[in-house]
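# Coordinates in review
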Amino acid sequence: MKNLLLSVSMLCLVTSAYAQLYVSPNATTSTDSYVYVSDQLLFVEQDVNLARNTNDPTTVASIYLRNGSQLLQGNTASANSGNGFISIYQDSHADSYDYNYWCSPIGRAQNTGNESFGVYRLYDSLSVTNSVVTQVSPGFNATSSPLAISTRWLYRWNPATQRWVAMGTSSTGAAPGYGFTMKGTDVTVHADPYNEPQNQRYDFRGRPNNGNITVPVETTGITFTDGTPYYFTLSGNPYPSVLDLNLFFTDTDNDEIDSIRYWDEDRSINSHLYLDNKGGYGTWIPGPTPYVDGGIYTVPTFYHYDGAGNPASPTVGYSPAYVERLYVPVGQGFMISADTNFSGSGAGDGLVTFKNSHRATTLIKEGVLNFSEFRTPALLTPRLRIHTLFGDSHFRDMVILFHESSTNGFDRGLDATHPKDGAISDAYLPIQASDDVTKNLVIETLPYTDDKMMIPITFKVGEETTIKLKAAEIINPPFTKAYLYDKENNTYQEINEDPGNSNQIFTTASVLLQSGLYEGRFFITFKNQNLPNEDEFPDIRPSTRSIVQDVSFFQNNPERQLEVANPEGYDIKNVNIFDMAGKLVLSQENLGKSTKLTFPTHNFADAVYLVRLTTTDNTTIVYKINVVNK
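The numbering scheme is per chain: residues are counted from 1 as the chain's sequence reads. The model is predicted, so local features are restricted to residues of pLDDT at least 70 and side-chain atom pairs to those at 80 or more, both for listing and for counting; the totals for chains, interfaces and linings are taken over all residues. Values shown for side chains rest on all heavy atoms present in the structure; no hydrogens or waters enter the calculation.

### Quick look at the overall build of the protein chain
Condition: Secondary structure elements follow DSSP: runs of H or I no shorter than four residues count as helices, runs of E no shorter than two count as strands, and numbering proceeds from the N terminus. Only protein chains enter the area calculation, which uses a 1.4 Å probe; residues under 20% of their type maximum are buried, those over 50% are exposed, and those in between are partly exposed. Only the protein chains shown count as cover for residues, with accessible areas throughout obtained via the Shrake-Rupley method and a probe of 1.4 Å.
Tallying secondary structure elements over the protein chain gives three helices and 50 strands in all. In the protein chain, which comprises 630 residues, the proportion classed as buried is 58%. As displayed, the protein chain offers around 24,800 Å² of accessible surface, 50% of which is attributable to carbon and sulfur atoms.

### What to know about the pairing of strand β33 (residues 383–390)
Let me state the cut-off plainly: DSSP bridges decide pairing: two strands pair if at least two such bridges lie between them.
Of all eight residues in β33, eight are buried; the element is thus mostly enclosed. Neither face of β33 is open: one carries R383, R385, H387 and L389, the other L384, I386, T388 and F390, and all of them are buried. Here β33 pairs with strand β34 (residues 394–402) via eight bridges, running antiparallel. Directly across from L384, in β34, lies its bridge partner I400. Between β33 and β34, which follow one another and run antiparallel, lie three residues, and G391 among them has a positive phi close to 55°. As judged from the eight bridges shared by β33 and strand β39 (residues 465–475), these two strands associate in the antiparallel manner. Following the sheet pairing, H387 is matched in β39 by K470.

### Focus: the nonpolar core
Heads up, the condition is: Buried residues of nine kinds, namely Ala, Val, Leu, Ile, Met, Phe, Trp, Tyr and Cys, make up a nonpolar core once their side-chain atoms join them within 4.5 Å. For this analysis, residues touch if any pair of their heavy atoms sits within 4.5 Å.
Counting residues in hydrophobic clusters, the biggest one holds 41 residues, and the most contacted among them are L384, I457, F459, L469, I524 and F526. Among the elements of the structure, β33, β34, β36 (426–432), β37 (438–446), β38 (455–461), β39, β42 (507–513) and β43 (516–525) are those that each provide at least two residues to this core. At five residues, β34 tops the list of elements feeding residues into this core. Beyond its immediate chain neighbours, meaning those up to four positions away, I524 contacts L384, I386, I400, M453, M454, I455, I457, L469, Y483, L484 and I495. Counting residues in hydrophobic clusters, the runner-up holds 28 residues, among them V23, V37, L42 and M167.

### Some words on the sheet that holds strand β15 (residues 147–150)
Pairing in this open sheet of three strands is mixed, and the strands run β13-β15-β14 from one edge to the other. Every interior strand has two partners, whereas the edge strands, β13 (135–137) and β14 (143–144), have only one. Bridge count between β14 and β15: two bridges; the pairing is antiparallel. Of the residues in β15, the one forming a bridge with S144 is L147.

### Considering unusual backbone geometry
The omega angle of the peptide bond from S145 to P146 is -5°, so this bond is cis rather than trans. Positive phi outside glycine occurs at D39, with the angle close to 60°. The topology assignment puts D39 in the loop between β3 (33–38) and β4 (41–44). On the accessibility criterion, D39 (35% relative accessible area) is partly exposed.

### As for the sheet that holds strand β48 (residues 596–600)
What counts here: Under this scheme, a helix contributes an axis fitted over its contacting stretch, all axes are lines through C-alpha atoms, and angles between N-to-C directions fall in the 0 to 180 degree range.
Strand order in this open sheet of three strands is β44-β45-β48, and the pairing throughout is antiparallel. In this open sheet, the two edge strands, each paired with only one partner strand, are β44 (552–556) and β48. Taking the axes of each pair of neighbouring strands and ignoring which way they run, one obtains an average angle of 20° across the sheet.

### Remarks on the packing of aromatic side chains
Note the cut-off: Working definition: a ring pair exists when centres of Phe, Tyr or Trp rings (six-membered ring for Trp) sit within 6.5 Å. Plane angles under 30 degrees give stacked, over 60 give edge-to-face, the rest tilted. Charges are assigned to positions over rings by a cutoff of 6 Å between ring centre and Lys NZ or Arg CZ, combined with an angular limit of 35 degrees from the ring normal.
Summed over all chains, the structure comprises 27 aromatic pairs. Between the aromatic rings of F140 and W153, the centroid separation amounts to 6.1 Å while the plane-to-plane angle is 45°, which identifies the pairing as tilted. Here W153 lies in the loop between β15 and β16 (155–158) and F140 lies in the loop between β13 and β14, a separation of 13 residues in the sequence. The exposure class of W153 is buried, given its relative accessible area of 11%. Here Y448 and F526 contribute two aromatic rings whose centre-to-centre distance is 5.6 Å and whose plane-to-plane angle is 50°, an arrangement assigned as tilted. Placement of Y448 in the loop between β37 and β38 and of F526 in the loop between β43 and α3 (544–550) is noted, with a sequence separation of 78 residues between them. An aromatic cluster is present here, built from Y101, W157, W164, Y230, F232, W263 and Y281 joined pairwise through their rings. Over the ring of W153 we find K183, and its NZ or CZ is 3.8 Å from the ring centre. The ring of F410 carries the charged tip of K439 above its face, separated from the ring centre by 5.1 Å.

### Points about the environment of E366
Secondary-structure assignment places E366 in the loop between β32 (351–354) and β33. You can call E366 partly exposed: its relative accessible area is 41%. Residues E366 and V328, spaced 38 residues apart in sequence, show a C-alpha to C-alpha distance of 8.6 Å.

### Focus: the pattern of salt bridges
Rules: Put simply, a salt bridge is a Lys or Arg side-chain nitrogen that is within 4 Å of an Asp or Glu carboxyl oxygen.
Summed over the entire model, instances satisfying the criterion amount to 16 salt bridges. Between R261 and D258 there is a salt bridge, and its shortest N-O distance comes to 3.9 Å. Note on accessibility: R261 and D258 belong to one class, buried. Between R385 and E473 there is a salt bridge, with the nearest N and O atoms lying 3.0 Å from each other. Taken together, the positions of R385 in strand β33 and E473 in strand β39 put the pair 88 residues apart, joining distant regions of the chain. The exposure classification of R385 matches that of E473, with both residues buried.

### Quick word on the environment of A51
Examined against the element boundaries, A51 turns out to sit in the loop between β5 (48–50) and β6 (63–66). Those residues in contact with A51 that sit more than four places away from it in its chain are V23, S24, P25, S62, N83 and G84.

### Side note on the environment of T458
Here T458 shows up in strand β38. T458 sits in the buried class, given a relative accessible area of 4%. On a C-alpha basis, the gap between T458 and R521 in space is 7.8 Å, while along the polypeptide they are 63 residues apart. Discounting residues that sit within four places of it in the chain, T458 has contacts with D426, A427, Y428, P430, L517, Y518 and E519.

### Some remarks on the pairing of β48
Going residue by residue along β48, you find L597 and F599 tucked away on one face and K596, T598 and P600 left uncovered on the opposite face. Note that strand β45 (residues 561–565) and β48 share five bridges and pair antiparallel. By the bridge assignment for β48, E563 is matched with T598.

Limitation: the analysis is restricted to geometry and does not speak to function.
What follows is the structure, encoded as structure tokens:
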């Protein structure tokens, strides 16, 4: 736990008679009292009792959390109380046409305990301590100055009907632990579908949520008009501090959770019509090593949605870059996809519970590029990320991981069910979860047996389409090559990354399919059994597994350089370093067989970067580094 450095303005009265932290204005001097916290984690073991300041309208709050500061409370069951409140910021990065999913860290300051959230708990920040309550408008576009939120686009989610419900100006619009969605402010014109230049700061003011927060989740499935059952509950991080999503997911009280879904959309489209916009849900699960690689995330497929919320025609192009989701920032909302029927026998009570024990115990500040994930992986879980493209229409992002802790059945936390939002054409990784339950996956973890293992992949095709498979990411593979195997035609097509330019993705497998469902025909495998044994070829490239073991990376931040050890003298063709947005920030070619290489990082911004090393025989290693030049 970091030492607390608190700027205490005017008079802070703290007593342990009834609460571990009590802040109240000074009645004798008629002055306000508040705690100002900058760039720190304020830890309170028990409850917080706050009395509203009434002397100066610019210092009404009792606790100001600034510069990424957060409030963490201990594991006691004490309930927060008082009519005072905290003030904590969060930014939107959305204009009047873009939705974000939220979950409030605070509620009303009325009765004791956690209280519901309403739109009037959002304030317009005028100075570091002074804010005024937001204005509201039924108009189409919200404004930033003054802050005026459009209630036309302010919704909560009804899990029982799997439909949106207008929240309006109700002070109890969202119960603790339930999320809400709203659009941003002003209007921008830009071509980048993933990075919105408009940013709106919201000041959340209310009593801080604390302790156990239980949320019922939909586990039986509500069928949409397209016949697909959905199991969504809009929730999110309910606390004024970072949530560790792995602790929340793996808690035995939360066995109902299948996966966590994050909404994203094309932010370059300026239209309020459903039929004009496009978006979709990414999928997160912890995976086998969440504190090494941040969990596993697949980006959304962008679809148009009709007026009833059903997915309609898909869209062209790729979705956003992969982001780390292990640590959930304050205010972040997400959908919980729940299903009690994991093994065919059913489990759970239909409730999930957020607990103080799920909150990160160190200050983890939100990063622009990495969404609060600041860990540098030592060795990422071996994986193959596949993009399946359907003509010039859309694509599906799927991940296959290899880990000895997995089985060939459904492993909660290691496998994630498909979001099922592909109304026209899509791809799945099917498994037999039990004798009578089949699951279609978007993330699958398997024990790697040998190169001959066959992993089924199913294609659903709405009309005659050329399907292409691309290897979007290969990290620490236990295989040398990957193939799409067509059982009907007994053909193998390689789906490895482009060997010529590591900054591009190479299409290596394609098949023309008529409308229909293709089950049991196509497989991902790692040996072309129509070729002679590759051991008979003397010029076969060294095993990728051997290179991964032999070549090591070290980010030497004191010396401001990346150091690569190559003791076996592999012939290195190039080393490229990318930021997490995919921008190439350093490239060196024809490095030869040097046993030690260094690359300057003194001019890099503090962030996480991807290093891609490629040898002359086209073996590629991908590694993450965390650059800190402070």
